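Listed below are the residues making up each chain.
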Amino acid sequence: MTTPKDLAGMNRVWSALRSFLSACKGRLFARETLLCAVGLSPGSLVVMLNFPVLWRDYDGLGQMTAPPGHLIILAQPPLYPFLSRLPVLFVSALSGLAHPHSLEINIHRPVLLNNLGLVLVIIAQHLALLFALALLVVTCSRRAFVRCVIIVVFLCHPVLFVIAQFVSSEALATILAIALIAIAVHLAREKELARNGLIALGLCLYANLMTRHNALVYFALAPLVFLFGTIVFLPNQRKWRAHFRKFLITSAVGAIALIAVQLTILGLCLVFHEPYRFVIGRSLIYRFDLIDRMPIEEKAIYLRKLQSSTSDPITREAIPAVLEAKGYWGDSMRVIKDLIQRHGQRLGGNKLDARADHYLNEICQLYYQFPPPVLLADIRDAIVHSFSRTTPREIIQFFYLDAESSLALYRSRPDFRKKTEHLVSCSAEAESRIQRAKETRWLRGFDPIPCGITLSIILALAIILRSLGRIEGKALRLVLALGVVDVLMIVGTLSLSPYIPRYILPSCVINVSALAILLGKLDNLFPGLLSQKRLT
């Protein structure tokens, strides 16, 4: 007869066996991820060997060097600026060991750049990219043959590797988006939502939103997968409840991550004495110049309409002044600051910046509240163009052009030249390397199909394969969720900002990830082929 003592012993043995199996599984997963990263490494190696460190105009230099303030806390999320400067500061500290006084770091001063620190930043970005891609490969399929196919697909998208060569938050945003998709695939595959998976989801969502504002759209990815499952399984009460519960849990994780981001930003503003406020007007103002395309009489009537819609005298006076200023949002802010001081408001420093942002936001709110036809037409054309004409090849060529023009920009402005003239990545030789490398066949890009058409093909293929019973419903729901997120990302971004090819980069990431998910079910598509390979 089995005694309670025997049962307790059996439970201890079973727990130890379970822990051992879990540890073995974890080591196997890590080994497989490492092997996939090695398989993907040629993409990063080719990019690093051909290109110098690449810069992305004002944003890249500002994210790396600007002291903590409204530029890298409010206008741009702070995660990349804070992480990217760590290797640079580390190298500066090492180089100053012989002179202890030089180790003093003042966080309120611009960061002094050095070559080795920048190289370490780029190496870290490539390693993180390889890990994220390998994680997605391992999560999508357990078959070695299928994983090899997915790796080849990733290597056929050089834009994934080129973006990691840039000093830009878009490099980290791409890495985190891939990691988030891998986590979503893992959660969709598991019967129950494990605590570690939910923690990973929350941390990845937090990091995404702390890197790019438009990453807020990614918060819908995991909940959408389970929402689609809830709709599909409405007739089955048990499965319906299970999926709806997962939908609520993942939504709650996203809400917690969103609150954590806001608390972090508030905390940073308090620490660095920066007034907390929204700065969305700095993006919206770029479309304000569209008013100049209107006929003269129509333009005058529209400006009077905007002015009559507000009772604030500074806002009324700022509307035509901002339109006349044109250019970068900084020019609009300077005009508004002059008006504020002219009206007798004695403000300075951060408080004056905050007040100028308030008026800039108010002008843009009126502009979008009463949109002229030219604004709606520009938004429509930008969205249609992004889906029907923008290709991965065009995006990668834009990044090359941006890298070249950034070097010219840094040389043209004395303040930028002082920060960058000693850097190898900003030399004439670096510009020559960019020109030579972008003509390399692989680095020019292979995909001539517009991103929107690619997405439509992938969605149609997923629906057809599911109707034929060749892929699981989970795969279809994942692809559909990615499609919705893709559309929301493009529509949301281009509704607030003018069209720039780099804004379509997330669409490339989503498309190649959706394709990887479909390829992950390749063993279901060709069971005969794979079974023969296993027999041989």
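The preceding data block contains the structure.
Residue numbering note: each chain is counted from 1, following its sequence as written. Only residues with pLDDT of at least 70 get local features here, since the model is predicted, and only at 80 or more are side-chain atom pairs given and counted; chain-wide, interface and lining totals rely on the full set of residues. The side-chain quantities take in all heavy atoms of the structure and omit both hydrogens and water.

Draft legend 1. Main features of the overall build of the protein chain. Think of it this way: any DSSP run of H or I at least four residues long counts as a helix, any run of E at least two long counts as a strand, and we number them from the N terminus. Along its length, the protein chain carries 26 helices and 2 strands. Throughout this description, buried means an accessible area under 20% of the type-specific maximum (1.4 Å probe, protein chains only), exposed means over 50%, and partly exposed covers the range between. When the 536 residues of the protein chain are sorted by exposure, 49% land in the buried category. Of all intrachain contacts in the protein chain linking residues separated by at least 6 positions in sequence, the fraction that spans at least 24 positions is 78%. For the protein chain, the exposed area adds up to about 26000 Å²; of that, 66% sits on carbon and sulfur atoms. Contacts are assigned to residue pairs with any non-hydrogen atoms lying within 4.5 Å of each other. The Shrake-Rupley method, run with a 1.4 Å probe, gives the accessible areas here. Residue values count only the displayed protein chains as cover.

Draft legend 2. Examining the packing of helix H22 (residues 451-467) against helix H23 (residues 473-496) more closely. Between N-to-C directions, angles cover 0 to 180 degrees, with each direction set by a line fitted to C-alpha atoms, over the stretch in contact for helices. Packing of H22 against H23 brings their axes to within 10 Å, and their N-to-C directions diverge by 160 degrees. Considering their axes alone, H22 and H23 lie roughly antiparallel with respect to each other. The way H22 lies across H23 gives a crossing that is left-handed. Contact with H22, carried on its side by Leu455, Ile458, Leu459, Ala462, Ile463 and Arg466, involves Gly473, Leu476, Val479, Leu480, Gly483, Asp486 and Val487 of H23 and no other residues of that element. By the convention adopted, Pro, Cys, Tyr, Trp, Phe, Met, Ile, Leu, Val and Ala count as nonpolar, Lys, Arg, Asp and Glu as charged, and the other residues, Gly among them, as polar. The residue makeup of the contact of H22 with H23, split by class, is 9 nonpolar, 2 polar and 2 charged. In these notes the angle categories are as follows: under 35 degrees is roughly parallel, over 145 is roughly antiparallel, 65 to 115 is roughly perpendicular, and the rest is oblique. Each helix crossing is assigned a hand: it is left-handed if the near helix lies turned anticlockwise from the far helix by less than a right angle, otherwise right-handed if that turn is clockwise.

Draft legend 3. The environment of Leu303, seen in detail. Summarising the element assignment, Leu303 is placed in helix H13 (residues 296-308). Counting along the chain gives 20 residues from Leu303 to Leu323, while the straight-line C-alpha distance between them is 9.8 Å.

Draft legend 4. Representation of the packing of helix H6 (residues 144-155) against helix H24 (residues 505-519) within the structure. At their nearest, the axes of H6 and H24 sit 10 Å apart, and the two run at 160 degrees to each other. Considering the angle they form, H6 stands roughly antiparallel to H24. Like other packed secondary-structure pairs, H6 and H24 cross with a definite hand, here right-handed. Every residue of H24 that contacts H6 at Val146, Val149, Ile150, Val153 and Phe154 is listed here: Val512, Leu515, Ala516 and Leu519. Its residues assigned to classes, the contact of H6 with H24 shows 9 nonpolar, no polar and no charged.

Draft legend 5. Seen up close, the nonpolar core. Buried Ala, Val, Leu, Ile, Met, Phe, Trp, Tyr and Cys residues that are joined via side-chain atoms within 4.5 Å together make up what is termed a nonpolar core. With 158 residues, the main nonpolar core has Trp55, Phe154, Phe161, Phe288 and Ile336 as its most contacted residues. With 14 residues, the top contributor of residues to this core is helix H8 (residues 169-189).

Draft legend 6. Representation of the side chain of Asn361 within the structure. Within the secondary structure, Asn361 sits in helix H16 (residues 349-369). According to the relative accessible area criterion, Asn361 is buried, its value standing at 19%.

Draft legend 7. A nonpolar patch on the surface, seen in detail. A surface patch of nonpolar side chains, about 610 Å² in accessible area, is lined by Phe90, Leu94, Leu116, Val119, Leu120, Ile123 and Leu127. Looking at the nonpolar patch, the elements with two or more residues in it are helix H4 (79-95) and helix H5 (115-140). Tallying contributions element by element places H5 first for the nonpolar patch, with 5 residues. Looking at the secondary structure, you find Leu94 in helix H4. Residue class for Leu94 comes out partly exposed when judged on its relative accessible area of 46%. Patches draw on residues past 30% relative accessible area with no salt bridge. Two like charges within 9 Å are joined, as are two nonpolar side chains (Val, Leu, Ile, Met, Phe, Trp, Tyr) within 5 Å. We define a salt bridge as a side-chain nitrogen of Lys or Arg found within 4 Å of a carboxyl oxygen belonging to Asp or Glu.

Draft legend 8. Expanded view of the pattern of salt bridges. This model, assessed by the stated rule, comprises 20 salt bridges. Linking Glu170 and Arg212 is a salt bridge whose minimum nitrogen-to-oxygen distance equals 3.8 Å. Of the two residues, Glu170 sits in helix H8 while Arg212 sits in the loop between helix H9 (195-209) and helix H10 (221-232), which places them 42 residues apart along the sequence. Taken as a pair, Glu170 and Arg212 share a single burial class, namely buried. With a shortest N-O distance of 2.8 Å, Glu404 and Lys438 are connected by a salt bridge. A residue pair is termed long-range when its members are at least 10 positions apart, and Glu404 in helix H18 (residues 392-412) and Lys438 in the loop between helix H20 (428-437) and helix H21 (441-444) qualify at 34 residues. One exposure class covers both Glu404 and Lys438, and it is buried. Connected through salt bridges with shared partners, the residues Arg56, Asp57, Asp59, Glu170, Arg212 and Arg502 form a single ionic network.

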